Amino acid sequence: MMTGKVVLLGVTGGIAAYKAVELVRLFVKGGAEVHVLMTESAQQFVTPLTFQTLSRNPVHTGLFNLIEEQEIGHISLADRADLVVIAPATANIVGKIAHGIADDLLTTTVMATRAPVLIAPAMNSNMYRNPIYRENEDRLRKYGYLFVDPVTGMLACGWEGEGKFQDPSIIYQEALCALSVKDLQGERVLVTAGPTQEELDPVRYLSNHSSGKMGYAIARAARRRGAEVVLVTGPVALAPPSGVTTIKVVSAAQMREASLREFADATVVVKAAAVADYRPEVRAASKIKKKGAALTLALKQNPDILAEMGKNKGDRIIVGFAAETAGLQENALSKLRAKNLDMIVANDVTREGAGFSVDTNIVTILSRDGNVVDFPVMEKELLADIILDRVVVLRDQGRGCDSE
Ligand code: CTP
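Residues numbered from 1 in each chain as written. Predicted model: local features only at pLDDT ≥ 70, side-chain atom pairs only at ≥ 80, totals over all residues. Heavy atoms only, no water.

(A) Just the packing of helix α4 (residues 91-98) against helix α7 (residues 131-142), in detail. For the pair α4 and α7, interaxial distance at closest approach is 9 Å and the crossing angle is 50°. Classified by the angle between their axes, α4 and α7 sit oblique to one another. The way α4 lies across α7 gives a crossing that is left-handed. The residues of α7 that touch α4, namely those facing A91, V94, G95, I97 and A98, are Y133, N136, E137, R139 and L140. Looking at the contact of α4 with α7 residue by residue, the class counts come to six nonpolar, two polar and two charged. (Axes fitted to C-alpha atoms, helices over the stretch in contact; angles between N-to-C directions. Helix = DSSP H or I, 4+ residues; strand = E, 2+ residues; numbered from the N terminus. Parallel < 35°, antiparallel > 145°, perpendicular 65-115°, else oblique. Left-handed = near helix turned anticlockwise from the far one by under 90°. Contact = heavy atoms within 4.5 Å. Nonpolar A, V, L, I, M, F, W, Y, C, P; charged D, E, K, R; others polar.)

(B) The arrangement of the site of the ligand in detail. The ligand sits among 14 residues. The nearest are K271, A273, F321, K335 and K339. Within the side chain of D277, one N or O atom sits 2.8 Å away from an oxygen atom of the ligand. Here a nitrogen atom of the ligand and a backbone polar atom of I305 are 3.1 Å apart. In the complex, the protein chains occlude 79% of the 570 Å² of accessible area that the ligand would expose alone. Counting only elements with at least two residues in the shell around the ligand, the list comes to α11 (305-311) and β16 (317-324). (Near = heavy atom within 4 Å. Polar contact = N/O pair within 3.5 Å; in protein donor to acceptor, adjacent residues only side chain to side chain. Areas by Shrake-Rupley, 256 points an atom, 1.4 Å probe, with all protein chains shown as cover.)

(C) Focus on the packing of aromatic side chains. According to the stated counting rule, one finds two aromatic pairs in the structure shown. Pairing F27 with Y172 gives two aromatic rings, centres 6.0 Å apart and planes at 45°, and the pair type is tilted. Separated by 145 residues along the polypeptide, F27 in helix α1 (residues 20-29) and Y172 in helix α8 (residues 168-179) bring together distant segments of the chain. Assessed through its relative accessible area of 11%, Y172 is described here as buried. Ring geometry for Y128 against Y133: centres 5.6 Å apart, planes inclined by 40°, an arrangement best described as tilted. Residue Y133 is classed as buried on the basis of its relative accessible area of 4%. In this structure, R134 is placed above the aromatic ring of Y128, and the distance from its NZ or CZ to the ring centre is 4.7 Å. The ring of F263 has R316 sitting right over it, with the charged end atom 3.9 Å from the ring centre. (Phe/Tyr/Trp six-rings, centres within 6.5 Å; stacked < 30°, edge-to-face > 60°. Buried < 20%, exposed > 50% of the residue type's maximum accessible area, 1.4 Å probe, protein only. Lys NZ or Arg CZ within 6 Å of the ring centre and 35° of its normal.)

(D) Layout of the side chain of E324. Looking at where E324 falls in the secondary structure, it is placed in strand β16. A distance of 2.5 Å separates a polar atom in the side chain of E324 from a polar atom in the side chain of K335. With residues up to four places along the chain from it excluded, the contact list for E324 reads N331, A332, K335, N347, D348, V349 and T350.

(E) Structural view of the nonpolar core. Core analysis: the biggest nonpolar cluster contains 35 residues, and I218, V319, F321, I365 and I387 have the highest contact counts within it. Among the secondary structure elements, those contributing two or more residues to this core are β8 (188-193), α9 (213-224), β11 (228-233), β13 (268-271), β16, β17 (343-348), β19 (363-367) and α13 (380-398). Setting aside anything within four residues of it in sequence, one finds I218 in contact with V191, V270, F321, A384, I387 and L388. Of all hydrophobic cores here, the second largest spans 34 residues; its members include V7, A20, L26 and A120. (Core = buried A, V, L, I, M, F, W, Y, C linked by side-chain atoms within 4.5 Å.)

(F) Here's a closer look at the sheet that holds strand β20 (residues 372-374). Ordered in space as β12-β11-β8-β13-β16-β17-β19-β20, the eight strands form an open sheet in which the pairing is mixed. Both edges of this open sheet fall to β12 (245-248) and β20, since each of them pairs with a single strand only. Each strand axis lies, on average, 15° off the axis of its neighbour in the sheet, ignoring direction. Summarising the sheet, β8 and β11 pair through six bridges and their orientation is parallel. (Pairing = 2+ DSSP bridges.)

(G) Broad picture of the sheet that holds strand β1 (residues 6-11). Strand order in this open sheet of five strands is β2-β1-β3-β4-β5, and the pairing throughout is parallel. The open sheet has two free edges, formed respectively by β2 (33-38) and β5 (146-147), since each of these has just one partner strand. Across four bridges, the pairing between strand β3 (residues 83-89) and strand β4 (residues 117-121) is parallel. Opposite V85, over in β4, you have L118 as the bridge partner. Taken strand by strand, helix α2 (residues 48-55) contacts β1 and β2, and its axis lies near 170° from that of β2. Packed on one face of the sheet, α8 meets β3, β4 and β5 and runs near 155° to β3.

Rendered as structure tokens:
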């Protein structure tokens, strides 16, 4: 997802410097060319060799030992960067950048670059709350510097409070966001994800195997691309995506209520949730006791949320999903028509590498205009961008159309 991108990672001297090692791993795994710049004090915490080994590039430590290179080192690094990330960032580095001090390789590079700069502070909570630090951070934000806020937790100094280095996977997501083209800016994207649970009694429910991974990947991708995103999610074991308004629901009725409320303001809807089609006719107030060898459950149909949205489509772009175990294209096409969708993403959930709980999917995308494209197995993360690329094309062709 970062293929071809040059990322400079500035590591400054804090105990969280060792966590930047994980960040390098994520950048490299994402396909980025990573160059690590370490301040003097960062080298007291982690050796340059660790970063060199993981980044597969020489680590830059001093302003003047780059002179052996043909170009002036810090300028060439600054020019080549698509993104500069400073993680962990001490109060000292934030203060220096905020006041135009350029007295080492990292600060001169930051001063010289035209790439976005993403700063992940980590420090003692009193330092983090110090009005001088706050002023420096605000000043940088005003100049367009991006920040990933630290979290609250046990700090290395023994204090419990704000200032703990953010999870590297979240910093990675923010870095992806900073690198993304903002082609969904101005759109309000509603995504639904995960299963619903329909209670039978206080201890049992009917549900399905949906993990929510596809919907969450779409919500993250839409937010990266500049959209305002609302995610309505059934119960899943995933962390709420940062920068996304996440509404947690349990049953299909709750999902319907939250989704229809958010639908009013949405310009794009992607309905990846696996909504239970039926719920128990009655929810027993106490645990159902076993009585005989067999038990028959009476179920009643849940409303089809997507079909309701399709009826009031307006000029929204609506994307549905179809989970099939047979007759993929015919079934998906009839859902696309019946629910008045612009596009449907169909997957045969019985295929290996496709469906509910895995990180990959194999889909066929069918469009309202009759276009049908089969995609090979791919990461849900990548598929999310392919789906949104198509949404952008539809939007640029003149919004979604309403055949009703
Ligand atoms: N969907 C919905 N509300 C429902 C059922 C489905 O909004 N009560 C949406 C899903 O989120 C998905 C699409 O409709 O985007 C298709 O869901 P799917 O389960 O594949 O199909 P169904 O329409 O439920 O039909 P069937 O179960 O008979 O295949």
